[in-house]
Amino acid sequence: MLTLNKQPIARRSFLLGLTSTMVAGPAFALDKARATQLVDRLVAEINRTINFGGSEAKLLRAFENIFAQYADVNIIARSALGPAARSASSSELSAFILAFRGYIARKYGKRFQEFIGSEIVVKGTKNRGKFFEVDASVRLEGITPFEVSFRVSDRSGENLFFDIIIEGISLLSSERVEIGALLDARNGNIARLTRDLVNLG
């Protein structure tokens, strides 16, 4: 009578299951629903922050935490730095990304501060192929509502937003131009730009 060795079979089943999981991709791959859910949470945080009150310093710290949690800061920072990101050392790039996170949070925190007393409402989501665009409307008393769109992708392995379009103006495109000009003014010195970003935004 033939006796089967259960251990190799169990091992083979485990490996087959692992392989099928790897082929299938991440368990929580980005889709329209998850992109919308991410922006729903993000908008709830922004609404809570801008309407909570408190000092400007406290508000900007809150925005830095929001950006750290929901924004693909690495992608945004690398894109803003442009070709110089490819020649930067890993330590230079890490320091720049950290400084850029504070700079971008201060800059857009001040912009969102203009929305105090408003409500940001998510309207719908479009599949743009490589990313999802989640449209929202800013409703402020006495002012015609205007549009804000959040572009969400999973390029870095997490579902995060990598661009904000406010009244047709892209955060990513604007920062690419601005950071490029700041870097040129410092003769391409990334370390100097990193130091100066601490006081900008």
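Below: a short report on this structure. Since the model is a prediction, treat every value here as computed from it, not as a measurement.

Definitions and cut-offs
- Residues numbered from 1 in each chain as written.
- Predicted model: local features only at pLDDT ≥ 70, side-chain atom pairs only at ≥ 80, totals over all residues.
- Heavy atoms only, no water.
- Helix = DSSP H or I, 4+ residues; strand = E, 2+ residues; numbered from the N terminus.
- Contact = heavy atoms within 4.5 Å.
- Polar contact = N/O pair within 3.5 Å; in protein donor to acceptor, adjacent residues only side chain to side chain.
- Phe/Tyr/Trp six-rings, centres within 6.5 Å; stacked < 30°, edge-to-face > 60°.
- Buried < 20%, exposed > 50% of the residue type's maximum accessible area, 1.4 Å probe, protein only.

**So, the environment of Asp 135**
With respect to the secondary-structure elements, Asp 135 resides in strand 2 (residues 132–140). As a C-alpha pair, Asp 135 and Val 121 span 14 residues in sequence and 8.7 Å in three-dimensional space. Setting aside residues up to four positions removed in sequence, Asp 135 forms contacts with Val 121, Val 122, Lys 123, Gly 124, Lys 126, Val 148 and Ser 149. A distance of 2.6 Å separates polar atoms of two side chains, one belonging to Asp 135 and the other to Ser 149.

**Some points on the packing of aromatic side chains**
Tallying each qualifying case throughout the model produces 5 aromatic pairs. Judged by centre distance (5.4 Å) and plane angle (85°), the rings of Phe 131 and Phe 162 are edge-to-face. Here the residue Phe 131 occupies a position in the loop between strand 1 (119–127) and strand 2, and Phe 162 occupies one in strand 4 (residues 160–166), the gap between them amounting to 31 residues. Exposure remark for Phe 131: the relative accessible area of 18% places this residue in the buried category. For the pair Phe 150 and Phe 161, a centre-to-centre distance of 6.0 Å together with 75° between the ring planes defines the contact as edge-to-face. Separated by 11 residues along the polypeptide, Phe 150 in strand 3 (residues 143–153) and Phe 161 in strand 4 bring together distant segments of the chain. Here Phe 150 matches Phe 161 in class, with each residue buried. Three or more aromatic residues link up through ring pairs in this structure, and these residues are Phe 67, Phe 150 and Phe 161.

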